[in-house]
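# Observations on the three-dimensional arrangement
For reference, the chains in residue letters:
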Amino acid sequence: MFEQMKPTPKAIGAHWLAFLIPFIGGLYLADYRVFTETTLRFLYFFSAFVFLLLTVTFLSKPAVWLRAYLLPFCFFSLGFWQQFLEQQAFREAREIQPKNRVIGLLEIEEVQEKPNGQLLFGSFQFQQHGKSIALPIQVYTNWLQPLFAHEKLWINCQPEVVQNENYPGAFDLERFLQLKGIAHVAYLDSSDVARRFSRPVKTNWQQLLTEQRAAFTQLFERYLDGEAADIAIALIIGDRSGVDATSKMAFQGTGSMHIMAVSGMHIALLINVLLQFCAYLGRWIPRRSAIIFLLLLIWYYAFLTGLSAAVLRSVVMFTFLLLGQLSGKQVSSLLLLYFSAFLLLLFEPLLLFDLGFQLSYMAMWGIFLLYPKISTYLHFRWSYLQTLWEGTALGLAATLSTAPLSLYYFHSFPNYFAIANLFLMSLSSFILVLGMLFPLVALLPQLNIIFSWILEKSIVLLLLIMDFFAKLPGALVQGFSFSFLWVFGVWLLLYFWQRGLNLSQQRLAAVFSVFFLAELSFGRISNYQTQAIFNLKQQKIVAIKAQGGLQFFASRPSKRSVILRQGFETYYGVPSQMKILNKNFIFVKILNP
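Residues numbered from 1 in each chain as written. Predicted model: local features only at pLDDT ≥ 70, side-chain atom pairs only at ≥ 80, totals over all residues. Heavy atoms only, no water.

### Quick notes on the overall build of the protein chain
What the protein chain contains, in helices and strands, is 20 helices and 13 strands. In the protein chain, which comprises 593 residues, the share counted as buried stands at 44%. Across the protein chain, contacts joining residues at least 24 apart in sequence account for 71% of those joining residues at least 6 apart. Put simply, the protein chain shows about 32100 Å² of open surface, and 63% of that area lies on carbon and sulfur atoms. (Helix = DSSP H or I, 4+ residues; strand = E, 2+ residues; numbered from the N terminus. Buried < 20%, exposed > 50% of the residue type's maximum accessible area, 1.4 Å probe, protein only. Contact = heavy atoms within 4.5 Å. Areas by Shrake-Rupley, 256 points an atom, 1.4 Å probe, with all protein chains shown as cover.)

Structure, rendered in structure tokens:
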């Protein structure tokens, strides 16, 4: 009834890539961190000139040949102006910096519970110089009384422009909040709330989805014990708040963090299960009705899991695939990948800076481009071994294309990822299928107990395998630091390797590989020998980086200080020690010897 999509050896789509790359270049150039007034003036003249030439190609027949060469420049201009207009309100908001505390109305849009308070996201409206201003804002409050979305508070606070902390490997808070449209943060004491308005009773689709996510969470917690429930919730629903640091480190140490994040793999497995189900019922379910049902279901699952960048990419791609099957046409996988990226970036340019978006697309790019070639290296007569090898080849293709990004952002690399994937890929797929079917099976007496037992033991086995590989000597190599240009270089190398390299290209690739490995080695040596002192005022911590080690001095231990310490260790690739000091004047002596 339906044809399942598999990567094909000769996938087309290079012409869309020729348009997508300049479009992405335009998006990047208009970003507020790169943007300058000189760039804006240049793009005014450049865009006008390109538009004029393009008009000439439509009016003059001899100039028709010029149109194809102008299209990449048109996409570049389109990307720039799309990002420029998208970030205009954000740039203007960053210019607003109240010097004193102001009184205004906070309308809460999202609430996150924290150990000693709550984190609020919403809009803060106040008056400044006779003008009414509405700022998207993140507010941390120590108020323990539960707050709710759509609630309004009359508060007194001082909004501050978001600024990243200045130390190696620091979390990019500016970019994280920009993706939410937020440029300001504030702290709200419980005494700063002047009035609390009654929470409006609203029943909309977002609230319904939130309630359904909560219902699924309670379902897993009811039938699964402890850590298995937390892992199931993270794998199926995408809520990783309950997963402890040890499990996260095990996922990272085996290069399996993509399993925990709701991504394209989840959508692909869901589609495959539903395709098999529809194939069995093909006599009773019309083809058109089945495809429409699948489309509605995958979009519902995408909204249910939070509509992350990875899920968006998958849903858009599979939407085109299913529509292609509805029309009876076969479309290139790579073409769909490039076209879906263009559509998503056109409607939401800030996705370009979302790490999940980048990793998701590069993983699928590696699978569609590299998997056909890698899978041909080995062939087994025994079908089980062949299936195991194909799953491993799929993981290798995705890892090769995402490894440069992982090294650049996370400064670490899992050495045993290939061996670990031999066991984890099939097992994680089995767990995902069980987990997605579990809400339906949970309605059946007795069968739900057997099903939940199998699911729980499978998750326990998954954790045992990951823990084994994560604790092997040299499981995770850390301390890598290099320019993003090397990432592009590796991608180009992979692209031309898939197309086939002649003798001169092979020599050039070998030279590039040697220089890249040398860059990684020298970067680690440089990080090892670095000597510096960091005064982390917000955490009340002093960090001293000496050759071969790190020393942290803190007034008191906290969960945040542990995370900060792990970030330093990952960036520099050296062990660290934490010393707790009781008197703050010691910090002054350290910083001013």
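### Considering the sheet that holds strand 6 (residues 184-188)
Pairing in this open sheet of 7 strands is mixed, and the strands run 5-6-3-2-1-4-7 from one edge to the other. One side of each edge strand has no neighbouring strand; the edge strands of this open sheet are strand 5 (160-161) and strand 7 (193-196). Here strand 2 (residues 117-128) runs beside strand 3 (residues 131-141); their pairing, made up of 11 bridges, is antiparallel. Bridge pairing in strand 3 places F126 opposite I133. (Pairing = 2+ DSSP bridges.)

### Details of the side chain of S47
As for its placement among the helices and strands, S47 is situated in helix 2 (residues 37-59). Given a relative accessible area of 15%, S47 falls into the buried group. Within the structure, the side chain of S47 is placed 2.8 Å from the backbone oxygen of L43, a separation counted as a polar contact. When residues no more than four places from it in sequence are discounted, the contact partners of S47 are S77 and W81. (Polar contact = N/O pair within 3.5 Å; in protein donor to acceptor, adjacent residues only side chain to side chain.)

### Focus on the nonpolar core
Buried together is how nonpolar side chains tend to be arranged in soluble globular proteins. Within the largest apolar cluster, 66 residues are counted, with the highest numbers of intra-cluster contacts made by L337 and W365. It is helix 13 (residues 355-375) that contributes the most residues to this core, 12 residues altogether. Non-local contacts of L337, meaning those with residues more than four positions away in its chain, are made with R313, M317, Y361, M364, W365 and F368. (Core = buried A, V, L, I, M, F, W, Y, C linked by side-chain atoms within 4.5 Å.)

### So, helix 16 (residues 447-470)
The end-to-end C-alpha distance of helix 16, which contains 24 residues, comes to 35 Å, matching closely the 34 Å that a straight helix rising 1.5 Å per residue would cover. Burial in helix 16 covers these residues: N448, F451, S452, L455, E456, S458, I459, L462, L463, I465, M466 and F469. (Expected span 1.5 Å × (residues − 1).)

### Some points on a nonpolar patch on the surface
A cluster of nonpolar side chains, F430, L443, L444, L447, I450, W453 and I454, forms an exposed patch at the surface whose accessible area comes to about 700 Å². Broken down by element, the residue count for the nonpolar patch peaks at 4 residues, all from helix 16. Mapping L443 onto the fold places it in the loop between helix 15 (417-441) and helix 16. (Patch = residues over 30% accessible without salt bridge, like charges linked within 9 Å, V, L, I, M, F, W, Y side chains within 5 Å. Salt bridge = Lys/Arg side-chain N within 4 Å of Asp/Glu carboxyl O.)

### Remarks on the packing of helix 6 (residues 226-236) against helix 16
Between two packed helices, what matters for the description is the angle formed by their axes and the separation of those axes. For the pair helix 6 and helix 16, interaxial distance at closest approach is 9 Å and the crossing angle is 90 degrees. Judged by the inter-axis angle, helix 6 sits roughly perpendicular to helix 16. Here E227, A228, I231 and A232 of helix 6 come into contact with helix 16, specifically with E456, I459 and L463. Of the residues belonging to the contact of helix 6 with helix 16, the class tally is 5 nonpolar, no polar and 2 charged. (Axes fitted to C-alpha atoms, helices over the stretch in contact; angles between N-to-C directions. Parallel < 35°, antiparallel > 145°, perpendicular 65-115°, else oblique. Nonpolar A, V, L, I, M, F, W, Y, C, P; charged D, E, K, R; others polar.)

### Side note on the packing of aromatic side chains
Tallying each qualifying case throughout the model produces 35 aromatic pairs. Look at Y223 and F438: their rings are 5.5 Å apart centre to centre, the planes differ by 80 degrees, and that puts the pair in the edge-to-face class. In this pair, Y223 sits in helix 5 (residues 205-223) while F438 sits in helix 15, placing the two residues 215 residues apart along the sequence. F438 shares its class with Y223; the two are buried. (Phe/Tyr/Trp six-rings, centres within 6.5 Å; stacked < 30°, edge-to-face > 60°.)

### Thoughts on the environment of P439
Following the sequence through the fold, P439 ends up in helix 15. With relative accessibility at 21%, the residue P439 sits in the partly exposed group. Residues P439 and F220 lie 219 residues apart in sequence; the distance between their C-alpha atoms is 8.6 Å. Residue contacts for P439: discarding those within four places in its chain leaves F216 and L219.

### Some words on the environment of A420
The residue A420 is located in helix 15 in this model. Not counting residues up to four positions away in its chain, the partners in contact with A420 are T254 and F469.

### Structural notes on the pattern of salt bridges
What the rule picks out here adds up to 7 salt bridges. E174 serves as the salt-bridge partner of R33, at 3.6 Å between the closest nitrogen and oxygen. Here E174 lies in helix 4 (residues 173-178) and R33 lies in the loop between helix 1 (14-29) and helix 2, a separation of 141 residues in the sequence. Given a relative accessible area of 39%, R33 falls into the partly exposed group. Taking the relative accessible area as the measure of exposure, E174 reaches 13% and is therefore buried. Its salt-bridge partner being R565, residue E569 comes within 3.7 Å of it at the nearest N-O pair. Of this pair, E569 and R565 both sit in helix 19 (residues 559-572), 4 residues apart, which is roughly one turn of that helix. Of the residues examined, R565 reaches a relative accessible area of 26% and is grouped as partly exposed.

### A closer look at the sheet that holds strand 11 (residues 541-546)
Strand pairing in a sheet is mediated by backbone hydrogen bonds. Such pairs are either parallel or antiparallel. The strand order across the open sheet built from 4 strands is 10-11-12-13, with neighbouring strands paired in mixed fashion. Both edges of this open sheet fall to strand 10 (532-536) and strand 13 (576-580), since each of them pairs with a single strand only. Neighbouring strand axes in the sheet, compared pairwise and without regard to direction, differ in orientation by 15 degrees on average. Bridge analysis of strand 10 against strand 11 gives 5 bridges, and the strand direction is antiparallel. If you follow N535 over to strand 11, its bridge partner there is V542.

### As for the confidence of the model for the protein chain
Scored by pLDDT, the protein chain has a mean of 80; 87% of the residues are at 70 or more. Overall, residues 1-5 carries pLDDT values under 50, and its contacts beyond four positions in sequence, including any with other chains, amount to 21 contacts. Segment residues 585-593: pLDDT under 50, and 13 contacts once partners within four positions in sequence are set aside and those in other chains are kept. (pLDDT = per-residue confidence, 0-100.)

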